[in-house]
Amino acid sequence: MTKNNGNDDKIKSLLQNMPKMKDHQRMEELYTKIVKHMDEETEIKPKKKAYVPLFSLAAAVAFFAISITSVYLNQTKQETAEMNMDTGEERKEEAIYDAEIAEIPESSDEQYSIQSIPENNTIMEDTAHTLTYDKIKQDHTFLGLRLGMSYEEMIGVIGSPLEEDVNSNIARLKYSLDGYGVEATFDGENGPIREYTFYPQYLADGLFKALPKTKADAVSVFGEHYDNTVQTCPGNTSCNTYTYNIDSERYIQVQIVENKETVFAIRYGLKK
Amino acid sequence: MKEVFQDLYHKYHHDLFQFLFYMVKDRTLAEDLVQEVYIKVLRSYSTFKGDSSEKTWLFSIARHIAIDYFRSQKRKRKHIFESFDWTEKGEQIQDASKLPEEIALQNEEVRKMYLCLSRCSLDQQSVVILRFIQSLSIQETAEVLEWSESKVKTTQHRAMKALKKYMEAMEEGMQRDEK
């Protein structure tokens, strides 16, 4: 024991004696750079994420612009000579398209958080209504998620989170600012995903609507067959943990807060 | 905005830069990332609620920025079919020529510790850097990492164990080389 403590102390003092690192940038210089960055880019991350909704918005606007002009042009076509029309049509389309595009960045930047989520959810909802035990068993997917997916593939299915905390073993994703709703555990450092955990209280919308929130919901989705063990959930409440053995490789666990009968967590993973 | 920046700079710049440097172990990169920290901080300063201290709030933002950076690297590496691996990185860093000047000038023990630190997991590194290099308390570290104090303690314990193991392994390796 004493040897261990001695070693700890040695390591601590080594760490405490690590050289102090100083930034060579001067304060004024740094401030100028920061202001320049802030002016240049509205913000690095949202810009990236806003790209998809922005693109689809632009595509939708372009589609409307084209259909409206073509309807309008069809009406006028009879009145005008055909040769002139063809060139006129192109020009009008371009003009309307450009005008609409120019307006987009302002609005989409502000509405980014509101817009992008419903966007993703429309894709999500296709799989949302079909969370059933049989589907998980046969299709090997849970809300469209497979075990063995990469982090990027998972994001492709459930959409970008509002916040994420990713390290080499686990990724935690927020879809509500109240708390982390999804956790993905990697198989080994940075390996494929071996387990998903969903916290329904932080997952209200879209794809996640299909997640059971009460004990009754859980039973209707996963059925009555379960092994029950009592575990401690955070906040010192006791939780009933129902384990479903899907097949020789996979399992589902549902943790239900004992006195409230609400679902605390749902886990879908590979057996060890 | 400039007053806010100057105030934060005077109070915390040295600590923030040092923290980022030890997280990413690259001076130029730390210089870039520290700018991002201020950008994020200045943008959200008005929403800072004071639930935590200003200092832990800043560290927490800095840590997120460092993690975002690692993640972007990880994605890039994946594209070229290389997996991101701490041990691998540790090995690369062992090349003494890559040591930052300040570290290279230190005695052998400190140099070894620097290399061993980079072999720890990101969580372990965060705790060790905050606790011992930045001298934050357990409570402050917990605030920065948004963890419970007990998680900080266990991670710290594991980190110390890991560091000890790596230090021993490195010593053995060196003795073998000498023979």
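Residues numbered from 1 in each chain as written. Chains lettered and ligands numbered in written order. Predicted model: local features only at pLDDT ≥ 70, side-chain atom pairs only at ≥ 80, totals over all residues. Heavy atoms only, no water.

Caption draft 1: Inspection of the overall build of chain A at higher detail. Along the backbone of chain A there are 8 helices and 8 strands. The buried share among the 272 residues of chain A stands at 40%. Taking the intrachain contacts of chain A between residues at least 6 apart in sequence as the baseline, contacts between residues at least 24 apart amount to 44%. Element-wise, carbon and sulfur atoms account for 53% of the exposed surface of chain A, whose accessible area totals about 15500 Å². (Helix = DSSP H or I, 4+ residues; strand = E, 2+ residues; numbered from the N terminus. Buried < 20%, exposed > 50% of the residue type's maximum accessible area, 1.4 Å probe, protein only. Contact = heavy atoms within 4.5 Å. Areas by Shrake-Rupley, 256 points an atom, 1.4 Å probe, with all protein chains shown as cover.)

Caption draft 2: Structural detail: the interface of chain B and chain A. At the interface, 46 residues of chain B touch 43 residues of chain A. Between chain B and chain A we count 3 salt bridges in total. Across the salt bridge formed by B:E109 and A:K10, the nearest N and O atoms sit 3.6 Å from each other. Here chain B and chain A share 10 residue pairs in polar contact (both at pLDDT 80 or more) between them. Listing elements by their share of the side of chain B that touches chain A, those giving two or more residues are α1 (2–24), α2 (27–44), α3 (54–79), α5 (101–104), α6 (108–117), α7 (122–133) and α9 (149–178) of chain B. Looking at the side of chain B that touches chain A element by element, the count peaks at 11 residues for α1(B). Partitioned by chemical class, the residues of the side of chain B that touches chain A number 23 nonpolar, 8 polar and 15 charged. (Salt bridge = Lys/Arg side-chain N within 4 Å of Asp/Glu carboxyl O. Polar contact = N/O pair within 3.5 Å; in protein donor to acceptor, adjacent residues only side chain to side chain. Nonpolar A, V, L, I, M, F, W, Y, C, P; charged D, E, K, R; others polar.)

Caption draft 3: Just α6(B), in detail. All names here are of chain B. Counting buried positions along α6 gives 7 out of 10 residues, so the element sits mostly inside the fold. Along α6, the residues that are buried comprise V110, K112, M113, Y114, L115, C116 and L117. At the N-terminal end of α6, a side-chain oxygen is found 3.1 Å from the backbone nitrogen of E109, two or three residues along, and the residue is N107.

Read these as geometric descriptors, not functional statements.
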